[in-house]
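If you want the building blocks of each chain, they are given just below.
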Amino acid sequence: MLRKWGLLLSSILLALIFASMAIIPPAPQSGTIAADRFSSARAMTDLRIIAAKPHPTGSDENAKVREYLSMRLDSLGLKVNLGEGELGERALKRLNKWSGENKSEQAIFNVIGILPGTDVSKPAVLLMAHHDTVWDSPGAADDTVGIVSILEIVRALKESGPHERGLIVLFTDGEEVGLSGARHFFSSNPLRDKVGAVINFEARGGGGTANLFQTSKQNGAAMRVFAKAVKQPSASSLSTFVYNVLPNDTDLTPALEGDYTAYNIANIGGAEYYHSPKIEVEALDERTLQHMGSQGLDLTRALLAADTLPDKKPDATFFDVFGLATIIYAPFWGWIFLGLAGLCYGLSLKGEIRTKEILSGAVKMLIFFGLGGGLLYGLNVMSGSGAGANYYDRLAAIRKLEGLAVFFCAAAFFAVFGPKALTVNARLGAALPLFLLGIVGQAFAPTATYFISLPLMLCGFKSLMMQRWPSHIGTKLAVVILTAGVAGYMIALGHLLMLGIGPDLLSVSILPAALAALVILPLYEGVKKKTAYFLAMTALLVSAAIALWVRLDPIAATIPLY
């Protein structure tokens, strides 16, 4: 028993290390690194100038930013021009609401830079970010982090050029009032016909990893380029699936109406700074800028060097492994993983099938997953979610809400699984509800279900090893690595899901928690019933206290002023 506790504690410690690798951006790079590499320190020079003051569309500060961007692109050797358009009625109404004015028209100005390639017949690569901010926000993140990423990417590319394929830079205006600049470019600018691939850079907070969260349809070939090129990736086909379900838009939305290979990269950490008047230069995590820019440079360089740009291939399943590499495969492999998971679990039973124990394990997991999700929903309502809640104030409370979810999931684990260890039959039963989810997901969202099918296969393989070769040193090492790998990924996934949709749907955290519980169960030996229920009740009370704290806390100082 003591040996299993040791393996469990080692696995949890390693899981936390893995999770931190996935959710903490890489270290900033100084201005002394090689000239052809991305340096956040060099990019910060531009960021301090651009994000000195708020610069919404139509403002004098916005005009100054345009002038600065034109000058910087010219200094980098690009041919610069302005694409002028007009705000539509809805966009103008929003701008007037912010400013208190009653303008009848408002011009917008895209800043466009062109770096011709040596072969003008090849479609160009377009790098895009928006130069306007919301009202009264200096926008050090949204979207100055994208703007300066592009400037530093272009500078680094010039060091390794020239390239056969041309490069176009598009700094759009009016994104915050209806994607106006991007819509104007992709509907009427002749340059749109010279573009073959688009990379958009966005920001929804002041920190965290920069994640590839959206692509053009039929992304199989496009994502294979990304997987091969990007050295510190953060990407997942689950994110692309979830984002496509949500009613959200960025400047890439108008581009996706065309036949481009397209990628969307953004950070969503430090969510309290989204559209905030407090997101000044000092509030931005420079590591986020480094992560966005280094991925963008790797991907841009690969696209510029490609003989032909990626064509349309069936959508792929993909995800990064703790920021170290991107795994990519055809979605049908999910069925194979589920089949291998079932085979491994079946072989681990050694023919000793105990239906009652299997049923007991299944009921326990259903209680953990179903009742736990329902109670989390209730705790979210207790914390102030629902009609009338301030969206930005909820974003500012994400760290507390994550703590609430962690304590509740711990409470649910000890209440459901705490008193005693599960037999191998019962562990198979606990896996069955997740198998069902995996089958449904594989049928209706095959690119998004890897986080169920792969862990189930690894859990099944671990169960088989522990039953067949329990004392082998290789088994113990594999058990620790497999447990840490699955649990660490679920911690990181839970964190990203919380950042993405947690303030409105806290119960989303129960699914990664269930998968983490499944991989932990073979090493969990149980505790005394009184101890288990004490731990469960204590954790539940803490989660309820956090919910009340969020509800009663004064509204955050970081919320937008518009």
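Residues numbered from 1 in each chain as written. Predicted model: local features only at pLDDT ≥ 70, side-chain atom pairs only at ≥ 80, totals over all residues. Heavy atoms only, no water.

A. Broad picture of the overall build of the protein chain. When you go through the protein chain residue by residue, the secondary structure sums to 19 helices and 9 strands. The globule rule puts the C-alpha radius of gyration for 562 residues at 24 Å, and the 25 Å found for the protein chain is close to it. In terms of principal-axis extent, the alpha carbons of the protein chain reach across some 75 × 55 × 45 Å. Within the protein chain, buried positions represent 58% of all 562 residues. (Helix = DSSP H or I, 4+ residues; strand = E, 2+ residues; numbered from the N terminus. Rg over C-alpha atoms; globule rule 2.2 N^0.38 Å. Buried < 20%, exposed > 50% of the residue type's maximum accessible area, 1.4 Å probe, protein only.)

B. Local environment of the sheet that holds strand S7 (residues 261–269). Strand order across the open sheet formed by 7 strands is S1-S2-S4-S3-S5-S7-S6, with mixed pairing between neighbours. With partners counted over all chains shown, the strands left at the sheet margins are strand S1 (79–86) and strand S6 (207–215), one partner each. For this sheet, the mean angle separating the axes of adjacent strands, direction not counted, is 20 degrees. Bridge count for strand S5 (residues 195–203) against S7 is 7 bridges, and the pairing is parallel. Across the sheet, residue Ala 197 finds its bridge partner in S7, namely Thr 261. Sheet strands touched by helix H6 (residues 180–188): S1, strand S2 (107–115), strand S3 (124–130), strand S4 (167–172) and S5. Its angle to S2, the strand with the most contacts, is close to 60 degrees. (Pairing = 2+ DSSP bridges. Axes fitted to C-alpha atoms, helices over the stretch in contact; angles between N-to-C directions. Contact = heavy atoms within 4.5 Å.)

C. Representation of empty space enclosed by the protein within the structure. All chains considered together, the criterion is met by 1 cavity of 30 Å³ or more. Size it by volume and the largest cavity reaches roughly 30 Å³. Every residue along the wall of the largest cavity is listed here: Thr 133, Val 134, Ser 137, Gly 139, Asp 142, Tyr 273, His 275 and Ile 279. Its residues assigned to classes, the lining of the largest cavity shows 3 nonpolar, 4 polar and 1 charged. (1 Å grid on protein atoms, 1.4 Å probe; cavity = no way out; pocket = protein on both sides within 12 Å on 5 of 7 lines; lining within 4 Å. Points joined across faces, edges and corners; volume = space filled by probe spheres on them. Nonpolar A, V, L, I, M, F, W, Y, C, P; charged D, E, K, R; others polar.)

D. Spotlight on the packing of aromatic side chains. With the rule as written, the count across this model stands at 22 aromatic pairs. Judged by centre distance (4.8 Å) and plane angle (15 degrees), the rings of Phe 18 and Phe 322 are stacked. You can see Phe 18 sitting in helix H1 (residues 2–23) and its partner Phe 322 sitting in the loop between strand S8 (317–320) and strand S9 (326–329), a full 304 residues away along the chain. Residue classification places Phe 322 among the buried residues on the basis of a relative accessible area of 10%. (Phe/Tyr/Trp six-rings, centres within 6.5 Å; stacked < 30°, edge-to-face > 60°.)

E. Structural view of the packing of helix H14 (residues 398–417) against helix H19 (residues 529–552). Here H14 crosses H19 at 160 degrees, and the two axes come no closer than 8 Å. As judged from the angle between their axes, H14 and H19 are roughly antiparallel. Crossing hand, H14 versus H19: left-handed. Of the residues in H19, those touching H14 at Lys 400, Leu 401, Gly 403, Leu 404, Phe 407, Phe 408, Ala 411, Phe 414 and Ala 415 are Ala 532, Tyr 533, Leu 535, Ala 536, Ala 539, Leu 540, Val 542, Ser 543, Ile 546, Ala 547, Trp 549 and Val 550. Split into classes, the residues belonging to the contact of H14 with H19 amount to 18 nonpolar, 2 polar and 1 charged. (Parallel < 35°, antiparallel > 145°, perpendicular 65-115°, else oblique. Left-handed = near helix turned anticlockwise from the far one by under 90°.)

F. Focus on the pairing of S2. Within S2, 9 of the 9 residues are buried, leaving the element largely enclosed by the surrounding structure. With burial as the criterion, each face of S2 is covered, one bearing Ala 107, Phe 109, Val 111, Gly 113 and Leu 115 and the other bearing Ile 108, Asn 110, Ile 112 and Ile 114. Pairing geometry for S1 and S2, over 8 bridges, is antiparallel. Looking across to S2, one finds that Asn 81 is bridged to Ile 112.

G. Representation of the environment of Asp 553 within the structure. Summarising the element assignment, Asp 553 is placed in the segment after H19. Residue classification places Asp 553 among the partly exposed positions, given a relative accessible area of 31%. For the pair Asp 553 and Glu 257, spaced 296 residues apart in the sequence, the C-alpha separation amounts to 43 Å. At a separation of 3.5 Å, a polar atom in the side chain of Asp 553 contacts the side chain of Lys 400. (Polar contact = N/O pair within 3.5 Å; in protein donor to acceptor, adjacent residues only side chain to side chain.)

H. The side chain of Glu 176, seen in detail. Along the polypeptide, Glu 176 turns up in the loop between S4 and H6. Buried within the structure, Glu 176 lacks any salt-bridge partner; Arg 94 is the closest side chain of opposite charge, at an N-O distance of 5.7 Å. Within the structure, the side chain of Glu 176 is placed 3.2 Å from the side chain of His 275, a separation counted as a polar contact. Aside from chain neighbours lying at most four places away, what touches Glu 176 is Arg 94, Trp 98, His 130, Asp 132, Thr 133, Val 134, Asp 142 and His 275. (Lys, Arg positive; Asp, Glu negative; His and termini not counted. Salt bridge = Lys/Arg side-chain N within 4 Å of Asp/Glu carboxyl O.)

I. Representation of helix H11 (residues 333–348). Given a rise of 1.5 Å per residue, 16 residues ought to cover 22 Å, and the 22 Å separating the end C-alpha atoms of H11 matches this to within 8%. Within H11, burial applies to Gly 334, Phe 337, Leu 338, Ala 341, Cys 344, Tyr 345 and Ser 348. End-on view of H11: buried residues confined to an arc of 125 degrees, all on one side of the axis. Contacts made by the buried residues of H11 are with S9, helix H15 (424–444), helix H16 (450–468) and helix H18 (510–520). Just past H11, the residue Lys 350 takes up positive phi, approximately 55 degrees. (Expected span 1.5 Å × (residues − 1). Arc of directions from axis to C-beta.)

J. Structural detail: the packing of H15 against H18. H18 packs onto H15 with a crossing angle of 145 degrees between their chain directions and a minimal axis gap of 10 Å. Both H15 and H18 take part in a crossing whose hand is left-handed. On the side of H15, the interface is formed by Arg 427, Ala 430, Ala 431, Leu 434 and Leu 437, while H18 contributes Leu 511, Ala 514, Leu 515 and Leu 518. Across the contact of H15 with H18, the residue classes tally to 8 nonpolar, no polar and 1 charged.

K. Seen up close, the pattern of salt bridges. Tallied over the entire structure, the rule returns 14 salt bridges. Of the charged contacts, one joins Asp 259 and Lys 312 as a salt bridge, the two residues approaching to 3.9 Å between their closest N and O atoms. Of this pair, Asp 259 sits in the loop between helix H9 (252–255) and S7 while Lys 312 is found in the loop between helix H10 (286–305) and S8, placing the two residues 53 residues apart along the sequence. Salt bridges sharing partners connect three or more residues here, namely Arg 42, Glu 152 and Arg 155.

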